[in-house]
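# A closer look at the structure
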Amino acid sequence: MGNKAVVVTGATSGIGFETARKLAAEGFTVIGVGRKEERCMDAMGKILLETPNADVRFITADLLHQDEVVRIASQIGKVIETEYDGKLSALINNAGSVYSHYATTEDGIERQFALNYLSAFLLTNKLLPYLVEASGRVIITGSGSHKGTRIRWNDVMLTKGYNPLSAYKQSKLCDMLLAKGLNDRHAGKGIRAYVVDPGLVKTDIGTKAGGMVKLVWAFRKPFGVSPAAPAETYVWICRQEDHPGHLCYHDCMPRKFSREVTSLNAERLFELSHRLCGTEEFGLKT
């Protein structure tokens, strides 16, 4: 897999780290993205200790903020152009979180919508030309919880009656629609988008949230699988010579998804997302 570059967000812990580690061990070039410099260096050190000859680097960014997403997209683009012939084999949009109380980013976006979905939308927008050049893949971390909700179109930022679980579920439905919309628009250009449903995993996503979310997660977490288990599915998708044929996967097998995942809803979400990010269609400059 030498010279096949893969970007992994949320790569310093949990599923993201295990995916980056496994990709590096198989010979992929790995560009990891993490929020804190210290944790990025620690993650890179662990990967290099295990695979000394790995081609791996980490970039620090807080993906809650759109200007940070744009900054690292430019940084990654320069690396891809200079060192990898302008080809990005895969973009794994894995960064995500749960927040126990309502707040918005400096861009005015509800935080779960901003991090779990909109950062993936914007980063994909900026890196799409490199994915097209490589006939690459976009892989998004989803959740089975997307099946129990709809987009609240009249209040997407959930300003009325905020509930952290409802916000999380909506953000994960948006991730499904991002993959659907990408395939509707760009499958003809040689790229494909996928969602991985990791199931219940022993990560710190709920612990970091605090409040009631932390208490609920403390009860659920012990029943989850190791992050190394779902990481296998991300690596499997990257490894396939031909694009896998389904939209959503779990344990390397196709996974059913909500009836809300339609072209009509994807189109509506893309129009909203372009307005929120100040972007045009993927691959076009504003």
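Residues numbered from 1 in each chain as written. Predicted model: local features only at pLDDT ≥ 70, side-chain atom pairs only at ≥ 80, totals over all residues. Heavy atoms only, no water.

## Things to note about the packing of helix α5 (residues 164–186) against helix α8 (residues 263–277)
The test is simple: Axis definition: a line fit to C-alpha positions, over the contact stretch in the case of helices; interaxial angles, taken between N-to-C directions, run 0 to 180 degrees. Think of it this way: any DSSP run of H or I at least four residues long counts as a helix, any run of E at least two long counts as a strand, and we number them from the N terminus. Here is the rule for angles: anything less than 35 degrees is roughly parallel, anything more than 145 is roughly antiparallel, 65 through 115 is roughly perpendicular, and the remaining ranges are oblique. Contacts were defined at the residue level, with two residues in contact if any of their heavy atoms lie within 4.5 Å. The classification used treats Ala, Val, Leu, Ile, Met, Phe, Trp, Tyr, Cys and Pro as nonpolar, Asp, Glu, Lys and Arg as charged, and all other residues, Gly among them, as polar.
Where α5 meets α8, the closest approach of the two axes is 8 Å, and the angle between their N-to-C directions is 100°. With respect to each other, α5 and α8 are oriented roughly perpendicular. Only S263, N265, A266, E267, L269 and F270 of α8 make contact with α5, whose side of the interface consists of C174, L177, L178, K180, G181, L182, D184 and R185. Tallied by class, the residues present in the contact of α5 with α8 amount to seven nonpolar, three polar and four charged.

## Points about the nonpolar core
One broad rule of soluble globular proteins: the nonpolar side chains tend to lie buried together. Heads up, the condition is: Residues grouped as a nonpolar core are buried Ala, Val, Leu, Ile, Met, Phe, Trp, Tyr and Cys residues, joined through side-chain atoms within 4.5 Å. The rule is simple: take the accessible area with a 1.4 Å probe, protein chains only, and divide by the maximum for that residue type; under 20% is buried, over 50% is exposed, in between is partly exposed.
Core analysis: the largest hydrophobic core is formed by 59 residues, its most contacted members being I76, L88 and F113. Secondary-structure elements contributing two or more residues to this core are β1 (5–9), β2 (29–34), α3 (66–83), α4 (111–134), β5 (137–141), α5, β6 (192–196) and α8. With 13 residues, the single largest contributor to this core is α4. Excluding residues that lie within four positions of it along the chain, I76 makes contacts with V7, I31, V33, I59 and L127. Ranked by size, the runner-up nonpolar core spans 27 residues in total, among them V6, A24, A54 and A90.

## Here we look at the sheet that holds β6
Backbone-to-backbone hydrogen bonds pair the strands of a sheet. The strands run either parallel or antiparallel. Spelled out, the test is: Here, strands pair whenever DSSP counts at least two bridges between them.
Ordered in space as β3-β2-β1-β4-β5-β6-β7-β8, the eight strands form an open sheet in which the pairing is mixed. The open sheet has two edge strands, β3 (56–60) and β8 (253–254), and neither has a second partner. Both strand β4 (residues 90–93) and β5 contribute to a ladder of four bridges, which runs parallel. Across the sheet, residue A90 finds its bridge partner in β5, namely R137. The strands touched by helix α2 (residues 37–50) within the sheet are β2 and β3, with β3 carrying the most contacts at an inclination of about 170°. With respect to the sheet, α5 is in contact with β5, β6 and β7 (248–250), its orientation differing from that of β6 by roughly 160°.

## As for helix α1 (residues 14–25)
Three- or four-residue spacings in an α-helix give side chains the same orientation, since the helix completes a turn every 3.6 residues. Applied cut-off: How far a helix is expected to stretch is found by multiplying one less than its residue total by 1.5 Å.
In a regular helix each residue adds 1.5 Å, so twelve residues correspond to 16 Å; α1 covers 17 Å between its end C-alpha atoms and thus fits that length. Extensive coverage of α1 is indicated by the burial of ten of its twelve residues. Looking at α1, one finds that the buried residues are I15, G16, F17, E18, T19, A20, R21, K22, L23 and A24. In the stretch just after α1, G27 is the one whose phi turns positive, near 100°.

## As for the side chain of N94
Mapped onto the elements, N94 comes out in the loop between β4 and α4. Contact partners of N94, with chain neighbours within four places excluded, come to T9, G10, I15, G16, T141 and Y234.

## Overview of the pairing of β6
For clarity, the cut-off: Handedness of a crossover is defined as follows: orient the strands so they point away from the viewer, and if the path from the first strand over the helix to the second runs clockwise, the crossover is right-handed.
Most of β6 sits out of view: four of its five residues are buried. Here β5 pairs with β6 via five bridges, running parallel. Across the sheet, T141 pairs through a bridge with V196, a residue of β6. In this fold, the crossover linking β5 to β6 by way of α5 has right-handed handedness. Across two bridges, β6 lies against β7 in parallel orientation. Pairing of V196 across the sheet is with Y249, part of β7.

## Here we look at the packing of aromatic side chains
Put simply, the rule is: The rule is short: rings of Phe, Tyr and Trp, with Trp giving its six-membered ring, pair when the centres are within 6.5 Å, and they are stacked under 30 degrees, edge-to-face over 60, tilted in between. By definition here, charges over rings are those cases where NZ of Lys or CZ of Arg is within 6 Å of the ring centre and within 35 degrees of the ring normal.
Throughout the structure, instances matching the rule amount to six aromatic pairs. Considering the side-chain rings of F121 and F270, the 5.4 Å spacing of their centres and the 90° angle between planes classify their relative orientation as edge-to-face. Taken as a pair, F121 in helix α4 and F270 in helix α8 lie far apart in primary sequence, 149 residues in all. When its relative accessible area of 0% is taken as the criterion, F121 is described as buried. With relative accessibility at 1%, the residue F270 sits in the buried group. Within the aromatic cluster, the residues linked to one another by ring pairs are F113, Y117, F121 and F270. Sitting over the face of the ring of F17, K46 holds its NZ or CZ atom 6.0 Å from the ring centroid.

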